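# Descriptive structure summary
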Amino acid sequence: MEPPELYVRQNPMPNAYTLAITGHKPFIVIHTSLLELLTLPELQAVIAHELGHLKCDHGLWLTIANVLASGTVSLLPLISGTVEDALLRWLRAAELTCDRAALLVAQDPTVVIGALMKLAGGSPMFAHELSVDAFLQQARSYDEVTTSSMLGWYLRNAQTRALSHPLPVMRAREIDRWAQGAQYKGLLARSRQLSSNGSSMAGSGSSSSREVNIPIQ
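First, a word on what this report is: a plain description of the structure on this page. (Residues numbered from 1 in each chain as written. Predicted model: local features only at pLDDT ≥ 70, side-chain atom pairs only at ≥ 80, totals over all residues. Heavy atoms only, no water.)

Another aspect to go through is the overall build of the chain. Looking only at helices and strands, one finds nine helices and three strands in the chain. Taken from the N to the C terminus, the helices and strands of the chain come in the order β-β-β-α-α-α-α-α-α-α-α-α. Here the analysis covers contacts within the chain between residues at least 6 apart in sequence; of these, 58% occur between residues at least 24 apart. (Helix = DSSP H or I, 4+ residues; strand = E, 2+ residues; numbered from the N terminus. Contact = heavy atoms within 4.5 Å.)

Below, the structure written as structure tokens:
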């Protein structure tokens, strides 16, 4: 995958997004407020998340979502509620997929969860006082409450139905769960094995080079 262009935009709202238009080089935009809020490892995870969108070819629908989110264009009156719901569900699922891409790069769930925590309610002044463990406990509690009864399930869906992104607390819970699973551990083991084989070939004087890719699912 060809590296996209990267731009920094002056904006007080912490955010990053990717735009990809057919026939043009894709680019990532990071707001200045996000640079001020996150640590370097957290910023790396954010960029990995955005690269995940490009790696998974989310470009067209993601660009539509970003245009709609900007408020400059409204297509919603032209499409049915069923289509709108399906698009928003897909967008939320795409965000969870790219959170996994961020974790595969960071290889530390506290880094990804820390970035989500700060996006949920952090500020540069108090960022050092925030607790990833406390936020993760909130995420687990939220998950338990909203899945233990039909009323909780209904309230969660009513709360998130119109959102293009899952709530940060839900994203944190999904990353916490996936980081403990066999799929994530298997991908890391595969990556390390490929890296080890590549290092062995380099050490033996081979002039060939290898690109190590971790599949994003």
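With that settled, the discussion passes to the packing of helix 2 (residues 40-55) against helix 5 (residues 109-121). The contact between helix 2 and helix 5 brings their axes to 9 Å, and the two run at 90 degrees. Classified by the interaxial angle, the pair formed by helix 2 and helix 5 is roughly perpendicular. Judged by residue contacts, Pro41, Glu42 and Ala45 of helix 2 engage Val111, Val112, Gly114, Ala115 and Lys118 from helix 5. Classifying every residue of the contact of helix 2 with helix 5 gives five nonpolar, one polar and two charged. (Axes fitted to C-alpha atoms, helices over the stretch in contact; angles between N-to-C directions. Parallel < 35°, antiparallel > 145°, perpendicular 65-115°, else oblique. Nonpolar A, V, L, I, M, F, W, Y, C, P; charged D, E, K, R; others polar.)

This part takes up unusual backbone geometry. Negative phi values dominate among residues other than glycine, just as trans dominates among peptide bonds. For Asp57, which is not a glycine, the phi torsion comes out positive at approximately 60 degrees. Of the residues examined, Asp57 reaches a relative accessible area of 68% and is grouped as exposed. Of note, Gln107 is a non-glycine position whose phi angle comes to about 55 degrees, a positive value. Owing to a relative accessible area of 39%, Gln107 belongs among the partly exposed residues under this scheme. (Buried < 20%, exposed > 50% of the residue type's maximum accessible area, 1.4 Å probe, protein only.)

Over its 13 residues, helix 5 runs 19 Å from end to end, which matches the ideal 18 Å to within 8%, given 1.5 Å per residue. Within helix 5, the full set of buried residues consists of Val111, Val112, Ile113, Gly114, Ala115, Leu116, Met117 and Lys118. (Expected span 1.5 Å × (residues − 1).)

Take a nonpolar patch on the surface next. A cluster of nonpolar side chains, namely Met150, Leu151, Trp153, Tyr154 and Leu155, defines an oily patch on the protein surface of about 620 Å² accessible area. Tracing the chain through its elements places Leu151 in helix 7 (residues 150-160). Overall, Leu151 belongs to the exposed group, its relative accessible area being 58%. (Patch = residues over 30% accessible without salt bridge, like charges linked within 9 Å, V, L, I, M, F, W, Y side chains within 5 Å. Areas by Shrake-Rupley, 256 points an atom, 1.4 Å probe, with all protein chains shown as cover. Salt bridge = Lys/Arg side-chain N within 4 Å of Asp/Glu carboxyl O.)

This next bit is on the packing of aromatic side chains. In the structure shown here, the tally under the stated rule is two aromatic pairs. Note on Tyr7 and Phe27: the rings are 5.6 Å apart at their centroids and 90 degrees apart in plane angle, and the pair reads as edge-to-face. Remark: Phe27 occurs in strand 3 (residues 27-31) and Tyr7 occurs in strand 1 (residues 5-9); sequence separation between them is 20 residues. For Tyr7, a relative accessible area of 41% translates into the label partly exposed. Seen in terms of ring centroids, Trp178 and Tyr184 are 5.3 Å apart; in terms of plane orientation they differ by 50 degrees. Their pairing is tilted. Taken as a pair, Trp178 and Tyr184 share a single burial class, namely buried. (Phe/Tyr/Trp six-rings, centres within 6.5 Å; stacked < 30°, edge-to-face > 60°.)

Here the focus is the nonpolar core. Within the largest apolar cluster, 25 residues are counted, with the highest numbers of intra-cluster contacts made by Leu103, Val112, Ile113, Val169 and Tyr184. Going through the elements one at a time, helix 2, helix 4 (81-106), helix 5, helix 6 (132-147), helix 8 (168-179) and helix 9 (182-203) are the ones with two or more residues in this core. Ranked by the residues each element gives to this core, the list is headed by helix 8, at six residues. Every residue in contact with Val169, bar those within four places of it in the chain, is listed here: Phe135, Gln138, Ala139 and Tyr142. Ranked by size, the runner-up nonpolar core spans nine residues in total, among them Ala16, Leu37, Leu43 and Val46. (Core = buried A, V, L, I, M, F, W, Y, C linked by side-chain atoms within 4.5 Å.)

Turning next to the environment of Ser141. Here Ser141 is to be found in helix 6. Separated by 32 residues in the primary sequence, Ser141 and Arg173 place their C-alpha atoms 9.4 Å from one another.

Taking 1.5 Å per residue as the helical rise, helix 8 with its twelve residues ought to reach 16 Å, and the 16 Å between its terminal C-alpha atoms agrees with that figure. Burial analysis of helix 8 places nine of its twelve residues in the buried class, the great majority of the element. Every buried residue belonging to helix 8 is among Val169, Met170, Arg171, Ala172, Arg173, Ile175, Asp176, Trp178 and Ala179, and all of these are buried.

Turning our attention to the state of the cysteines. Tallying each qualifying case throughout the model produces zero disulfides. Summary of cysteine pairing: Cys56 is not part of a disulfide, and the nearest cysteine sulfur, belonging to Cys98, is at 5.2 Å. Overall, Cys98 belongs to the buried group, its relative accessible area being 0%. (Disulfide = S-S within 2.5 Å.)

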